[in-house]
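Analysis of the macromolecular model
Letter by letter, the chains look like this.
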Amino acid sequence: PGVEAASFGAGMEQLVRKRFSFFTSFWNKLWPNPVSADSSSLGYFDPDPVALRPDLEPVPDSPSASLFSALYDFRARSAEELSVSRGDKVCVLKEEGDYVLAKRLSGEPALGYIPASYIVKISEETSHQPWYFSGVSRNEAQYLLLSPPNQHGSFLIRDSESNRGEYSLSVRNHAKVSHFRICKEPDGGMYIQKGQAFPNMQELLTFYTVNWKVVQCPLLQPCIPKAPPVRDSWERPRSEFILGRKLGEGYFGEVWEGLWKNMVPVAIKVIKQADMKAEDFTKEIQNLKRLKHERLIQLHAVCSVGEPLYIVTELMRKGNLQSYLSSLEGKALRTLHLISIACQVADGMTYLEEQHIVHRDLAARNILVGDNLTCKIADFGLARLLKDDIYSTSGSTKIPVKWTAPEVANYHTYSLKSDVWSYGILLYEVFTYGQTPYEGMTNQETIQQISMGYRLPRPSTCPPEIYCIMLECWKGNAEERPAFIVLREKLCSLYRRLHSSLS
Ligand SMILES: Nc1ncnc2c1ncn2[C@@H]1O[C@H](COP(=O)(O)OP(=O)(O)OP(=O)(O)O)[C@@H](O)[C@H]1O
């Protein structure tokens, strides 16, 4: 016990010396022979000036990067997310809605997304003292301090409920919580015991950290707050959205151009709730949230309380690729532009391939076009889920047969390789400026012809190299079809070659 008491005392000395370094002369009187630093005994308080450590500098290629500290533990739910522990230092590289792309600087360096509400800017951290809990009542303080991971010695300072402008200290003493009124003197000094006033809260706490017998229990560590629920903010009130012009209509409802909070242009899919089960919706929304890629339509928000259901995504001003290609603007596109579209779709599909997600309905009608010929894949995730029931309950009549691989039409076996088949058809649509494949043939005839080895002929506007790629996508044996990563490489090198020969 003597050794333990000594090491506890040494730890406490280091802790208060580091934490309250401005009080050095007082500490020198109290402990004439300072103990040497031992980080293991510092526990919660680690006041190292993070920004000064060379290995914690923001990444040099990102001038806007800044340093933050994690307020709560966060466990990554996908490869894209980043696990952090409370107190970890991170460098924020990019803000994306409610999430930030961050580089973890503590421990093993790693990169990924974490909820923005889980971190606080280091520069602001000092003003947000970890022991100060604004707006927390006596009962809430009691509940917090008695909840894990808090333990004996956890404490917090809160605003006094009965005396405005004053504070209370709540400290956990084993299984109970004691509360001490912190009174204010007219000159601003604060005290727990009359006649023992301090100019500020930090000095008061420093004193009671050392002289803890007065408060019956050592002040060992600031209370750890409860982490807010992740991504709650996906759910938004319907009143935040104003519907403008109707953009189109699909099986599940209408799509409207809209404004979010009178500012952000968005696309709003208005769905009749009857079309889906609530738990399926929640599950699928979780999936959608984790899919983030510049070639995938980004989900912004959902309104799922009451009806109708809104699914809010980024707005793509030029609509779907199929109608865009047959518009005047689309018809004016050159081969290089068409290859660029093909590359972009292959890029997005490579991402889905990496995530082991099968699209099931890849077609030009499900690619959306924005300014500068940017193309993004839509109708993955949620729409796929919605369509599942339809495909399985109404037989094959709803399957887009002309885009579908033979093994899907015959046995409903979807795979990434059946998406590759559909991608070949999409290439056909692109290089014919939006023509319907197998024009003049019924679905039944198409299935029959395909099973007998028939393949769409090369359109006159399609370069032979591209047609070779289409034929590879339409191999009868799914295993022999190329992966999207290979398709992307082939098309992008073709694009680079053509681009450099033209310039
Ligand atoms: N984010 C968006 N930005 C711009 N236009 C969009 C957006 N989403 C959809 N649209 C337009 O609305 C139309 C209907 O879209 P929706 O996703 O409801 O149906 P679909 O995919 O065409 O059909 P289905 O869902 O029945 O397969 C699209 O074809 C497109 O023109």
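By the naming in an unreviewed UniProt entry, the protein chain is Tyrosine-protein kinase, taken from Pelodiscus sinensis. As recorded by UniProt, the Function (unreviewed entry) comment attached to the protein chain reads in full: "Non-receptor tyrosine-protein kinase which phosphorylates DOK1 on tyrosine residues. Also phosphorylates KHDRBS1/SAM68 and VIM on tyrosine residues. Phosphorylation of KHDRBS1 is EGF-dependent. Phosphorylates OTUB1, promoting deubiquitination of RPTOR."

What follows covers the overall build of the protein chain. Tallying secondary structure elements over the protein chain gives 15 helices and 18 strands in all. Restricting to contacts in the protein chain with at least 6 residues of sequence separation, those with at least 24 account for 57%. Approximately 25,100 Å² of the protein chain is accessible, and the part contributed by carbon and sulfur atoms is 54%.

To continue, consider the sheet that holds strand S2 (residues 89–96). Reading across the sheet, the 5 strands line up as S4-S3-S2-S1-S5 and stay open at both edges, with antiparallel pairing between neighbours. Two strands lie at the open edges of the sheet, namely strand S4 (110–115) and strand S5 (119–121), each paired on one side alone. Adjacent strand axes in the sheet meet at a mean angle of 45° when their direction is disregarded. Where strand S1 (residues 66–70) meets S5, 3 bridges bridge the pair, whose relative direction is antiparallel.

For the rest of this paragraph, the subject is helix H9 (residues 335–354). Since the α-helix advances by 3.6 residues per turn, residues separated by three or four positions end up pointing in the same direction. Counted at 1.5 Å a residue, the expected span for H9 with its 20 residues is 28 Å, and the 28 Å between its end C-alpha atoms agrees. Most of H9 sits inside the fold, with 17 of its 20 residues counted as buried. Once H9 ends, the next one or two residues include His356, with phi positive near 60°.

With that settled, consider the packing of helix H12 (residues 416–431) against helix H15 (residues 484–502). Helices that pack against each other are described as a pair by the angle of their axes relative to one another and the distance between those axes. Closest axis-to-axis distance for the H12/H15 pair is 10 Å, and the angle between their directions is 30°. Classified by the angle their axes make, H12 and H15 are roughly parallel. In this structure, H12 uses Leu416, Asp419, Val420 and Tyr423 to contact H15, whose residues at the interface are Phe484, Leu487 and Leu491. In the contact of H12 with H15, the residues fall into 6 nonpolar, no polar and 1 charged.

Now for the pattern of salt bridges. Applying the stated rule across the entire model yields 13 salt bridges. Glu329 is the partner of Lys318 in a salt bridge, and the nearest nitrogen-oxygen pair spans 2.9 Å. In this pair, Lys318 sits in the loop between strand S16 (309–314) and helix H7 (321–325) while Glu329 sits in helix H8 (residues 328–331), placing the two residues 11 residues apart along the sequence. You can call Lys318 partly exposed: its relative accessible area is 31%. Three or more residues joined by partner-sharing salt bridges are found here, namely Lys246, Glu249 and Glu254.

So, about the pairing of strand S15 (residues 299–303). Counting buried positions over the 5 residues of S15 gives 4, a clear majority of the element. Bridge analysis of S15 against S16 gives 4 bridges, and the strand direction is antiparallel. Bridge pairing in S16 places Ala301 opposite Val312. Between S15 and S16, which follow one another and run antiparallel, lie 5 residues, and Gly306 among them has a positive phi close to 80°.

Glancing now at the sheet that holds S15. Pairing is antiparallel across the open sheet formed by 5 strands, whose spatial order is S12-S13-S14-S16-S15. The outermost strands of the open sheet, each flanked by one partner alone, are strand S12 (241–250) and S15. Recorded for the sheet is a direction-independent mean angle of 25° between the axes of neighbouring strands. Relative to strand S13 (residues 253–260), S12 is paired through 7 bridges, and the arrangement is antiparallel. For Ile242, the partnering residue across the bridge sits in S13 and is Leu259.

This part is about the side chain of Asp347. As for its placement among the helices and strands, Asp347 is situated in helix H9. With a relative accessible area of 17%, Asp347 lands in the buried category. Not counting residues up to four positions away in its chain, the partners in contact with Asp347 are His293, Arg295 and Arg488.

Before going further, it helps to spend a moment on the confidence of the model for the protein chain. Of all residues in the protein chain, 78% attain a pLDDT of 70 or more, and the chain-wide mean is 81. When the criterion is pLDDT under 50, residues 32–64 qualifies, and its contacts beyond four places in sequence or with other chains add up to 44 contacts. Both scores are given for the predicted complex: the pTM is 0.59, the ipTM 0.97.

Our next topic: the packing of helix H14 (residues 464–473) against H15. Their axes nearest at 11 Å, the elements H14 and H15 cross at an angle of 175°. The angle between H14 and H15 falls in the class roughly antiparallel. Of the residues in H15, those touching H14 at Glu465, Ile466, Ile469, Glu472 and Cys473 are Leu487, Lys490, Leu491, Leu494 and Arg497. Residues belonging to the contact of H14 with H15 are distributed by class as follows: 6 nonpolar, no polar and 4 charged.

Considering the arrangement of structural elements, one finds Lys184 in strand S9 (residues 176–184). Between the C-alpha atoms of Lys184 and Tyr167, which are 17 residues apart in sequence, the distance is 8.5 Å.

The final tally for this structure, using the stated rule, is 9 aromatic pairs. Here the aromatic rings of Phe74 and Tyr118 are separated by 5.6 Å at their centres, their planes lie at 75°, and the arrangement is edge-to-face. One end of the pair, Phe74, is in the loop between S1 and S2; the other, Tyr118, is in the loop between S4 and S5, and 44 residues separate them in sequence. Pair check on accessibility: Phe74 and Tyr118 agree, each one buried. Seen in terms of ring centroids, Tyr423 and Phe484 are 5.7 Å apart; in terms of plane orientation they differ by 85°. Their pairing is edge-to-face. Of this pair, Tyr423 sits in helix H12 while Phe484 sits in helix H15, placing them 61 residues apart in sequence. Here the two residues Tyr423 and Phe484 agree in accessibility, since each one is buried. For Lys213, the ring lying beneath its charged end belongs to Trp212, and the centroid distance is 5.3 Å. We note Arg365 situated over the ring of Trp403; from NZ or CZ to the ring centre the distance is 4.4 Å.

The next thing to look at is unusual backbone geometry. Residues Pro148 and Pro149 are joined by a peptide bond in cis, for which omega reads 5°. Inspection of the secondary structure assignment puts Pro149 in the loop between helix H4 (138–146) and strand S7 (154–159). Notably, His412 is not glycine yet its phi reads approximately 60°, a positive angle.

What counts as what
- Residues numbered from 1 in each chain as written.
- Predicted model: local features only at pLDDT ≥ 70, side-chain atom pairs only at ≥ 80, totals over all residues.
- Heavy atoms only, no water.
- UniProt positions renumbered as here; feature names shortened; annotations may be inferred.
- Helix = DSSP H or I, 4+ residues; strand = E, 2+ residues; numbered from the N terminus.
- Contact = heavy atoms within 4.5 Å.
- Areas by Shrake-Rupley, 256 points an atom, 1.4 Å probe, with all protein chains shown as cover.
- Pairing = 2+ DSSP bridges.
- Axes fitted to C-alpha atoms, helices over the stretch in contact; angles between N-to-C directions.
- Expected span 1.5 Å × (residues − 1).
- Buried < 20%, exposed > 50% of the residue type's maximum accessible area, 1.4 Å probe, protein only.
- Parallel < 35°, antiparallel > 145°, perpendicular 65-115°, else oblique.
- Nonpolar A, V, L, I, M, F, W, Y, C, P; charged D, E, K, R; others polar.
- Salt bridge = Lys/Arg side-chain N within 4 Å of Asp/Glu carboxyl O.
- pLDDT = per-residue confidence, 0-100.
- Phe/Tyr/Trp six-rings, centres within 6.5 Å; stacked < 30°, edge-to-face > 60°.
- Lys NZ or Arg CZ within 6 Å of the ring centre and 35° of its normal.

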